[in-house]
Amino acid sequence: GENVEQHPSTLSVQEGDSAVIKCTYSDSASNYFPWYKQELGKRPQLIIDIRSNVGEKKDQRIAVTLNKTAKHFSLHITETQPEDSAVYFCAASSAAGNKLTFGGGTRVLVKP
Amino acid sequence: GAVVSQHPSRVICKSGTSVKIECRSLDFQATTMFWYRQFPKQSLMLMATSNEGSKATYEQGVEKDKFLINHASLTLSTLTVTSAHPEDSSFYICSARETGAYYGYTFGSGTRLTVV
């Protein structure tokens, strides 16, 4: 089955700096890669996603890049703000079964 | 947008009893729903895939006789934790995918289960 690895597990940045989280996946059939932000005790919230036919996608301060050949994708947050502090999860969906497999999560702390 | 309602949000039960968690899609039909479990400071681990009108598909290591899943309609899936034990205490979250849609997973608000 699919295996998604996520790094780093924790990330501390100064307000205004950029944050980058990287994920790798194992199943070459995966073609949908969402990123979620989760606050303590809450449901995951989709912040951006990318499909395998696209190499990069941007939404204001958030961008995601995908390298299908290397089977890795990354989340970039620019001009970080204290409200960006949360746990971020990457995920991958394979063509068979369409279930989402999550990475281990990254705890991001933005220091004012 | 798509909304998934999950109840209860919190439940405390005694060891050995059963607890039922409901996941309902409010404004769309969901042929497929997914149940996840999340322990503190860990990731979401898929427990099972629930398909309307058929048996659920459980992930390796998940006891199907302990975690009973029923998906009797296109808008409702239930997870029953039978004979709960303290180690079953966790955050359970459902996710629904709209019928015919490949992308887009809507998550419920989660259920915090504490077994005492």
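Summary of the structure given here. (Residues numbered from 1 in each chain as written. Chains lettered and ligands numbered in written order. Predicted model: local features only at pLDDT ≥ 70, side-chain atom pairs only at ≥ 80, totals over all residues. Heavy atoms only, no water.)

A separate point is the overall build of chain B. Scanning chain B from N- to C-terminus turns up 0 helices and 11 strands. A globule of 116 residues ought to have a C-alpha radius of gyration of about 13 Å, and chain B, at 13 Å, matches this closely. If one aligns the C-alpha atoms of chain B with their principal axes, the spans along those axes are about 40 × 25 × 20 Å. The proportion of buried residues among the 116 residues of chain B is 47%. The contacts of chain B with a sequence gap of at least 6 include a subset with a gap of at least 24, amounting to 54%. In the structure as shown, chain B presents an accessible area of about 5,600 Å², 51% of it carried by carbon and sulfur atoms. Of the charged side chains in chain B, 11 are positive and 9 negative, and the gap between their average positions amounts to 6 Å. (Helix = DSSP H or I, 4+ residues; strand = E, 2+ residues; numbered from the N terminus. Rg over C-alpha atoms; globule rule 2.2 N^0.38 Å. Buried < 20%, exposed > 50% of the residue type's maximum accessible area, 1.4 Å probe, protein only. Contact = heavy atoms within 4.5 Å. Areas by Shrake-Rupley, 256 points an atom, 1.4 Å probe, with all protein chains shown as cover. Lys, Arg positive; Asp, Glu negative; His and termini not counted. Charge placed at Lys NZ, Arg CZ, Asp CG, Glu CD.)

This brings us to the overall build of chain A. Along chain A, the regular secondary structure elements total 0 helices and 11 strands. The N-to-C order of helical and strand elements in chain A reads β-β-β-β-β-β-β-β-β-β-β. In summary, chain A has a C-alpha radius of gyration of 13 Å against a globular reference of 13 Å for 112 residues, a match within 12%. Principal axes of the C-alpha set define a box for chain A whose edges measure 45 × 30 × 20 Å. Here chain A, with 112 residues, has 45% of them falling under the buried criterion. At a minimum sequence separation of 6, the contacts of chain A that also span at least 24 residues come to 53%.

This brings us to the nonpolar core. Counting residues in each nonpolar core, the largest one holds 24 residues, and the members touching the most others are Trp35, Phe67, Leu79, Tyr92 and Leu113 of chain B. Secondary-structure elements contributing two or more residues to this core are β2 (10-13), β3 (19-25), β4 (32-38), β5 (45-51), β7 (67-73), β8 (76-81), β9 (90-97) and β11 (111-115) of chain B. Setting aside anything within four residues of it in sequence, one finds Tyr92 of chain B in contact with Gln6, Ile21, Tyr36, Arg37, Met47, Phe67, Leu79, Gly110, Thr111 and Leu113 of chain B. Counting 23 residues, the second largest nonpolar core, distinct from the first, contains Tyr25, Ala86, Tyr88 and Cys90 of chain A. (Core = buried A, V, L, I, M, F, W, Y, C linked by side-chain atoms within 4.5 Å.)

A word on the pattern of salt bridges. Within the structure shown, the criterion is met by 5 salt bridges over all chains. Note that Arg61 of chain A and Asp84 of chain A form a salt bridge whose closest N and O atoms lie 2.8 Å from each other. With Arg61 of chain A in the loop between β6 (56-59) and β7 (62-67) and Asp84 of chain A in the loop between β8 (72-77) and β9 (86-93), the pair connects residues that are 23 residues apart, well separated along the chain. Here Arg61 of chain A falls in the partly exposed class, since its relative accessible area comes to 22%. Salt-bridge contacts for Glu22 of chain B lead to Arg24 of chain B; the nearest nitrogen and oxygen are separated by 3.4 Å. (Salt bridge = Lys/Arg side-chain N within 4 Å of Asp/Glu carboxyl O.)

Right, let's talk about the sheet that holds β8 of chain A for a bit. Residues and elements named next belong to chain A. Reading across the sheet, the 5 strands line up as β1-β3-β8-β7-β6 and stay open at both edges, with antiparallel pairing between neighbours. Strands with a single pairing partner mark the edges of an open sheet, and in this sheet they are β1 (4-7) and β6. The mean inter-strand angle of the sheet, taken between neighbouring strand axes irrespective of direction, is 15 degrees. When β6 meets β7, the two strands line up antiparallel, connected through 4 bridges. Counterpart to Lys58 in the pairing with β7 is Ala63. (Pairing = 2+ DSSP bridges. Axes fitted to C-alpha atoms, helices over the stretch in contact; angles between N-to-C directions.)

All names here are of chain A. Within the fold, Ala29 resides in the loop between β3 (19-25) and β4 (32-38). The exposure class assigned to Ala29 is partly exposed, which follows from its relative accessible area of 38%. Each C-alpha atom of the pair Ala29 and Asn67 lies 13 Å from the other, and the pair is 38 residues apart in sequence.

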